Amino acid sequence: MALTQIPLVAGILLAWSLAAPPGPINALMAHAAARRGFAAGWVYGLGAMAGDMTMLAFTLLGVGRVVDRFPILRVAFAFVGALLMLWFAVGAWRTARREAAARMGSDDDDRREPRWKAFAKGFAIVTTSPYNWGFWLTAGNGALALFGTTLVLGFFVGIFAWTILWTGLAHAGGARLKRFSEFVSYAAAIALAVFAAGLFWYAATGAWAFAATSA
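Everything quoted here is computed from the prediction, not taken from an experiment.

What counts, and where the lines are drawn
Residues numbered from 1 in each chain as written. Predicted model: local features only at pLDDT ≥ 70, side-chain atom pairs only at ≥ 80, totals over all residues. Heavy atoms only, no water. Helix = DSSP H or I, 4+ residues; strand = E, 2+ residues; numbered from the N terminus. Buried < 20%, exposed > 50% of the residue type's maximum accessible area, 1.4 Å probe, protein only. Areas by Shrake-Rupley, 256 points an atom, 1.4 Å probe, with all protein chains shown as cover. Core = buried A, V, L, I, M, F, W, Y, C linked by side-chain atoms within 4.5 Å. Expected span 1.5 Å × (residues − 1). 1 Å grid on protein atoms, 1.4 Å probe; cavity = no way out; pocket = protein on both sides within 12 Å on 5 of 7 lines; lining within 4 Å. Points joined across faces, edges and corners; volume = space filled by probe spheres on them. Patch = residues over 30% accessible without salt bridge, like charges linked within 9 Å, V, L, I, M, F, W, Y side chains within 5 Å. Salt bridge = Lys/Arg side-chain N within 4 Å of Asp/Glu carboxyl O. Polar contact = N/O pair within 3.5 Å; in protein donor to acceptor, adjacent residues only side chain to side chain. Contact = heavy atoms within 4.5 Å.

## Quick word on the overall build of the protein
Part 1 of the reasoning: A count of helical and extended segments in the protein gives eight helices and zero strands.
Part 2 of the reasoning: Reading the helices (α) and strands (β) of the protein from amino to carboxyl end gives α-α-α-α-α-α-α-α.
Part 3 of the reasoning: Looking at the 215 residues of the protein, the share that counts as buried comes to 39%.
Part 4 of the reasoning: Counting only carbon and sulfur atoms, one obtains 69% of the accessible surface of the protein, whose full area is about 11700 Å².

## Quick word on the nonpolar core
Soluble, globular proteins show a tendency: their nonpolar side chains are buried together.
Part 1 of the reasoning: Core analysis: the largest hydrophobic core is formed by 42 residues, its most contacted members being Leu14, Met85, Phe135, Leu151 and Phe155.
Part 2 of the reasoning: At the level of elements, helix H1 (7–19), helix H2 (24–36), helix H3 (38–69), helix H4 (72–97), helix H5 (115–127), helix H6 (130–147), helix H7 (150–172) and helix H8 (174–214) are the ones that each hand at least two residues to this core.
Part 3 of the reasoning: By residue number, the principal contributor to this core is H7, which donates eight residues.

## Notes on the environment of Gly168
Part 1 of the reasoning: Summarising the element assignment, Gly168 is placed in helix H7.
Part 2 of the reasoning: Taking the C-alpha atoms as reference points, Gly168 and Gly37, 131 residues apart in sequence, are found 9.1 Å from one another.

## Comments concerning H1
Part 1 of the reasoning: Over its 13 residues, H1 runs 18 Å from end to end, which matches the ideal 18 Å to within 8%, given 1.5 Å per residue.
Part 2 of the reasoning: Within H1, the full set of buried residues consists of Ala10, Gly11, Leu14, Ala15, Ser17 and Ala19.

## Quick look at the environment of Phe58
Part 1 of the reasoning: Mapped onto the fold, Phe58 is located in helix H3.
Part 2 of the reasoning: Taking relative accessible area as the criterion, Phe58 reaches 53% and is therefore assigned exposed.
Part 3 of the reasoning: Measuring from C-alpha to C-alpha, the distance between Phe58 and Trp136 comes to 9.1 Å, with 78 residues separating the pair along the chain.

## Some remarks on the layout of surface pockets
Part 1 of the reasoning: Here the largest pocket is characterised by a volume of approximately 790 Å³.
Part 2 of the reasoning: Lining the largest pocket are 31 residues, and of these Leu18, Pro21, Gly23, Pro24 and Asn132 sit closest to its centre.
Part 3 of the reasoning: Contributing elements (two or more residues each) for the lining of the largest pocket: H1, H2, H3, H4, H5, H6 and H7.
Part 4 of the reasoning: With five residues, the top contributor of residues to the lining of the largest pocket is H4.

## Quick look at a nonpolar patch on the surface
Part 1 of the reasoning: A cluster of nonpolar side chains, contributed by Ile6, Leu8, Leu153 and Val157, occupies part of the molecular surface with about 310 Å² of accessible area.
Part 2 of the reasoning: Within the secondary structure, Val157 sits in helix H7.

## Things to note about the environment of Trp93
Part 1 of the reasoning: By the secondary structure assignment, Trp93 is in helix H4.
Part 2 of the reasoning: By relative accessible area, Trp93 is classed as partly exposed at 38%.
Part 3 of the reasoning: When the C-alpha positions of Trp93 and Ile190 are compared, they lie 8.3 Å apart, and in sequence the two are 97 residues distant.

## Things to note about the side chain of Thr163
Part 1 of the reasoning: Here Thr163 is to be found in helix H7.
Part 2 of the reasoning: Polar contacts involving the side chain of Thr163 include one to the main-chain carbonyl oxygen of Phe160, which spans 2.7 Å.
Part 3 of the reasoning: Residues within four places of Thr163 in sequence aside, it is in contact with Met29, Trp42 and Gly45.

## Brief notes about the side chain of Asp52
Part 1 of the reasoning: Its place among the elements puts Asp52 in helix H3.
Part 2 of the reasoning: Judged by relative accessible area, which is 12%, Asp52 ranks as buried.
Part 3 of the reasoning: With sequence-adjacent residues up to four places away left out, Asp52 is seen in contact with Val126, Trp136, Phe155 and Phe156.

And the structure:
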């Protein structure tokens, strides 16, 4: 059995492939942790994780039931999700190749922020992002169908571990951050491409089965 066929491991890999590429949450975590300490950066990650849990709940309680009534929707969601993941993979690869100078801000940006406000900001950024909703309604739904609900546990284990690792690296020093960021972006691009291929296969076999039963 391939490693990626184990639902728990698949969930962790999926989480890391989505969390690793540079984005607004990672930027906020890095900035706060580098200048104000580990906890100041980590709370952004916790807020983002709470946002993902909220969207997952909506997926399981709402969209998932609708999709169960119309199996062809699983095929459509898996196909769109595969395209979405492939798009993320290309973006992550381009980001890894692009040399960007990190602007950490001036000393005026070092004012302490209430933890509840940082948590709420991380939550809001995730839950208002069309990319995140697009993932959960397409690729996320397809991955749940492909790997089962055990994927959920692996996903949040992966997200939780990523928030600790990324924040710790940012707190340890900005000099190491850029090199690590480039490495994980390459790794994320490869992982996303693998998940995209899996969902394309799931969509193709599902479409074939649906066509056979309808004939």
